[in-house]
Each structure stands twice: as C-alpha cells, then as structure tokens.
Amino acid sequence: MSTSLKNNSANNDGFEQLQLMPSILKRIQQLGYNKPTAIQSRAIPAVLAGQDVLAGANTGSGKTAAFALPVLHSLIQNPVSRKGANYAQVLVLVPTRELAVQVTESFQSYAAEVTPKLKLAAVFGGVSVNSQMLALRGGADVLVATPGRLLDLQQSNAINLSKVSTLVLDEADRMLSLGFADELSAILALVPKQRQTLMFSATFPDEVKAITAKHLQSPVEIEIQRADESTVQQQVYTVNRNQKTALLSELIKQNQWRQVLVFASAKNSCNRVAQKLEKAGISAQVFHSDKAQGARNRILTEFKQGEIAVLVATDIAARGIDIAKLPVVINYELPRSPSDYMHRIGRSGRAGETGLAISLISHDEYHHFKVIEKRHKIRLPRQQYVGFEADDEAPADCPSRQEKPQAKPAGTGKKHRKKAAQANQAVWQQAKLKSQAEK
Ligand code: AMP
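Residues numbered from 1 in each chain as written. Predicted model: local features only at pLDDT ≥ 70, side-chain atom pairs only at ≥ 80, totals over all residues.

Draft legend 1. Expanded view of the overall build of the chain. When helices and strands are tallied, the chain shows 16 helices and 14 strands. Across the chain, contacts joining residues at least 24 apart in sequence account for 77% of those joining residues at least 6 apart. (Helix = DSSP H or I, 4+ residues; strand = E, 2+ residues; numbered from the N terminus. Contact = placed C-beta atoms within 7 Å.)

In structure tokens, the structure reads:
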C-alpha cells in the first residue's frame, strides 16, 4: 500500500463529517489533507465526545492531528478566560525535546486560521528557561512539554496545572515507562483528577497497557496496527560485527539513497560509525544527547530539509520525528527495547509513503532480534549480502563467544551450604542425645 494520504480522495467530505470547526476545516484543506486517516476517523469523534482514549496506530499515520484537531475544536467551542492567571488548559506530554518542537509546530499549523488566536506554548530542557518563563506569562491554551522542564517551571510558579482539562500523552508507552515514572506521577498529582486523558502511541507493550488502566476512565480503545497497513518493507542482513561499517558504506553507495537515517546503540558508537563513513568518502552527521540543543535543532532541521544525506543517531531520533519521504532507515545496531525497533523503522514510510528498514545483525544480536520479532509478531528472512556474508560460527572476538563465568565448584553453592548446615545440626543433635543417654 503505497498511495500517498494526500491522494486518498478528491474532496474533504471525510473531515466535514467529523464536524470540526470551519476554521480548522479551512486549514486542513490548505494543507491538502483530503481524507482523515484511519486513526483520525476513529479518535476525533471520541475526543470530541469528551471520552478518554487509548490509541495505538502505526507511526506516521497522522496521530498528531488525531488529537490536535479535536483538542483545538474544543478550545474554540469552549473558550476559557485565564484572566491573566498562568493556567494551562490542555497539557501535552512528550518524551523528547525534538518531539516537543514538532508537536507544537503541528498545533500552530492546525490553528493557523483560528481567531481569536489561541495561545500555544512549548517547554523543554536543554535551552534557557527564561524565555519559556516569559512565554508562560498569562498561561497557555495548549502547553506541549517534556516532563522535567515542566516540573521545574511549575515549581517556580511559572505555570499552574490545576485547571488542566485535557491531558495528552504522546508516545505514551515511553511516557509510562520506568524512566519517566517519578516525573509523571509528580505531574499527575498536579493536574485535576477529573479530566480527559488521551494516550497515543505506535506501540503498547502488555506491561504498559496494564498501567494505562490506572490513568484512564472507561477509555475508547483504538487499535490500528495491522501489519499489512505498514508501508515499510523490512529487511535483515546477517553480517560479522567487524564488517558492519563496510557493509553500511556499500549499501549507501550502491543504492544511492537520497537520504539515510542510521541508528546506533550509543553516542560513541554513532561517532565511530560517522567517522568511518567519512573515511569511506560518505559525509555523515551525528545526532545524540551529547550535542548541545542548538546543534540538535540545526542538524534535525537540515536533515528534514534534505541538506544532510546521512544521519547517524541514537534512539533520541527514534520517536515521533516526522521526516517527509525518508526512503530508508538502517539499524546499524539493534535497539535495546523491542518497542524502539518499531519506532525507529517508522521514521521511514510516513504518511502513506513507502519506506525501507534494514537491520544489520551480527552473531551477538541474533537472539535479541528474535526477541524483537516475537514481540511484534513478525518473522523476517535472514539475508546475506554478497561479499559481506556472516560466518556460520561467531568469530572468536564476538561477545557471544566470550566465555561465561565459571559456575561455582560443586558443593559450594547456597543450596549445598543449607544442606550441610542441616546435616551438621542432625549430627550434633544425635551426639547430644547419645551423651545424655550415657549420663
Ligand atoms: P504524524 O503521524 O502525526 O507524525 O503524521 C505524519 C504525517 O502525516 C505528517 O507529515 C502529517 O502532516 C501527515 N498527515 C496527517 N494527517 C493527514 C491526512 N489526513 N492527510 C494527509 N496527510 C496527513
């Protein structure tokens, strides 16, 4: 299925049926959205009806508009006067700074024709707090935030969350993960219990789904994640670890892709891969959390504008980032979390375009890739690239062949110590009884 969403229909009947405000419909038309996507058709009516929503849909399927459009509609329909107080009306929590910028831009775009103007604000770490404090004066109709900076601002009374009427968790599985647990519970304690809660994510692992129930009231559950809906073709090449960069260069050169997003597992790994690509004559930039926020913004903008051909990134680029027509994503190393695999490959094949995701797996990753397949109920054929075939056996320096620590010598384990103590006790007991009898 490779048809562009923009060619789905010749008119915007679909959106009109959703009964959105004329100023929103006008903007949708300007943007060339002819028809709501599947997630939009199902989520928008539920959000408009004031219900809680738990929505899972493939990444790139128009999730942002699925919550942004009805949220804007409700704000227009029920304008709230903040009377100079610094209340936030709608709070959208996102896991990364880049996503905060992107979601805010989407809100700004969708609200471009709305009058009187709504106040949309974004707060996230890595940049000066002062300008964000100033921007929050008088509160905001929609506040898009990463949790840490939001709490800093709340603690300095720059924003008041006690009147939040709608709380949105974008990339909800990540927001509900252990890494954000403390910050999220602090924020949940600050927003009213009576509110509308919307959770959107491409993936909802079972353990996360169990937590969602705590935060949602009779939610409308929407699941639009059929494998056949995905427009991303997935390929897997097995390769010796020490041949990975050479294979990566070969793939980039041979295929002459316009742009490639390469994922590595860690910051230093990104740096190493980019350096090796440069040596092979391929210009590449890196994107990870050691970069200053200014540099991160610049690199992402340049990549989105097609000015950077190869970007080597950690998982901070895995979620939500919308890069139009990105032809290919390469997993140079696999993500630790199986969910991140789906998020990574979803950077390609967005908005109905076709995409390609290639994973280069070496012997030490074979098992982990099986775990990823199991989680996503997929099974991909392993391929070999001529000239870069993986050895049958893991090479001697492969971590998967490193000797496991020796088991404790027989008879010295905890179980044995317990047994030995019991046996000793029995012997002493017998000796005691014997000596008593002799007396
Ligand atoms: P998202 O999943 O929200 O990141 O959206 C992915 C891309 O789809 C963005 O570039 C949107 O502009 C685009 N998009 C969202 N909804 C529609 C629609 N109904 N028709 C066409 N494009 C859309």
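Draft legend 2. Spatial organisation of helix α14 (residues 338-345). The buried fraction of α14 is high, at 7 of 8 residues. Residues of α14 that are buried: Ser-339, Asp-340, Tyr-341, Met-342, His-343, Arg-344 and Ile-345. Buried residues along α14 sit against α8 (172-175), β8 (232-238), β9 (260-263), β12 (328-331), β13 (355-361) and α15 (366-376). (Buried ≥ 20, exposed ≤ 12 C-beta atoms within 10 Å, placed from the backbone.)

Draft legend 3. Structural detail: the nonpolar core. With 109 residues, the main nonpolar core has Leu-91, Leu-143, Val-144, Val-262 and Val-312 as its most contacted residues. With 8 residues, the top contributor of residues to this core is helix α4 (residues 63-77). If you count residues domain by domain, this core takes at least three from each of domain 1 (3-224) and domain 2 (228-397). Setting aside anything within four residues of it in sequence, one finds Leu-91 in contact with Leu-143, Ala-145, Leu-161, Val-164, Leu-167 and Val-191. (Core = buried A, V, L, I, M, F, W, Y, C linked by C-beta atoms within 7 Å. Domains from an automatic or database assignment.)

Draft legend 4. Here's a closer look at the packing of α14 against α15. Following both chains from N to C, one finds α14 and α15 inclined at 80°, their axes separated by 8 Å at the closest point. One way to sum up the angle between α14 and α15 is to call them roughly perpendicular. On α15, the residues that touch Pro-338, Tyr-341 and Met-342 of α14 are Val-371, Ile-372, Arg-375 and His-376. Its residues placed into classes, the contact of α14 with α15 shows 5 nonpolar, 1 polar and 1 charged. (Axes fitted to C-alpha atoms, helices over the stretch in contact; angles between N-to-C directions. Parallel < 35°, antiparallel > 145°, perpendicular 65-115°, else oblique. Nonpolar A, V, L, I, M, F, W, Y, C, P; charged D, E, K, R; others polar.)

Draft legend 5. The sheet that holds strand β14 (residues 382-383), seen in detail. Pairing is parallel in the open sheet, where 7 strands are placed in the order β10-β11-β9-β12-β13-β8-β14. In the strand order of this sheet, the two ends are held by β10 (284-287) and β14, each with one partner. The strands touched by helix α12 (residues 267-279) within the sheet are β9, β10 and β11 (310-313), with β10 carrying the most contacts at an inclination of about 175°. Along the sheet face, α14 touches β8, β9, β12 and β13 and points at about 150° away from the line of β12. (Pairing = 2+ DSSP bridges.)

Draft legend 6. Region of interest: α4. Relative to the 21 Å expected for 15 residues at 1.5 Å per residue, α4 spans 22 Å between its end C-alpha atoms, a close match to the ideal helical length. In terms of burial, α4 is a largely internal element, 12 of the 15 residues being buried. Every buried residue belonging to α4 is among Lys-63, Thr-64, Ala-65, Ala-66, Phe-67, Ala-68, Leu-69, Pro-70, Val-71, Leu-72, His-73 and Leu-75, and all of these are buried. (Expected span 1.5 Å × (residues − 1).)

Draft legend 7. Molecular detail of the sheet that holds strand β2 (residues 88-93). Spatial ordering of the open sheet is given by β3-β4-β2-β5-β6-β1-β7, a layout of 7 strands whose pairing is parallel. Every interior strand has two partners, whereas the edge strands, β3 (120-123) and β7 (220-224), have only one. Strand-to-strand twist across the sheet, computed as the mean angle between neighbouring axes with direction ignored, equals 15°. Bridge count between β2 and strand β5 (residues 166-170): 4 bridges; the pairing is parallel. Paired with Val-92 across the bridge in β5 is Val-168.

Draft legend 8. Structural view of the environment of Val-47. Looking at where Val-47 falls in the secondary structure, it is placed in helix α3 (residues 38-48). With 24 C-beta atoms packed within 10 Å, Val-47 lands in the buried category. Linking Val-47 and Phe-67, residues 20 residues apart in sequence, is a C-alpha distance of 7.2 Å. Residue contacts for Val-47: discarding those within four places in its chain leaves Val-53, Phe-67, Pro-70, Val-71 and Leu-198.

Draft legend 9. Focus on the pairing of β3. Alternating residues of β3 divide into Leu-120 and Ala-122 and Ala-121 and Val-123, and every residue in both groups is buried. Taken together, the 4 bridges between β3 and strand β4 (residues 140-145) define a ladder with parallel strand orientation. Across the sheet, the residue bridging to Ala-122 is Val-144, located in β4. Viewed along the sheet, the connection from β3 through helix α6 (residues 129-135) into β4 turns out right-handed. (Right-handed = clockwise from strand over helix to strand, strands pointing away.)

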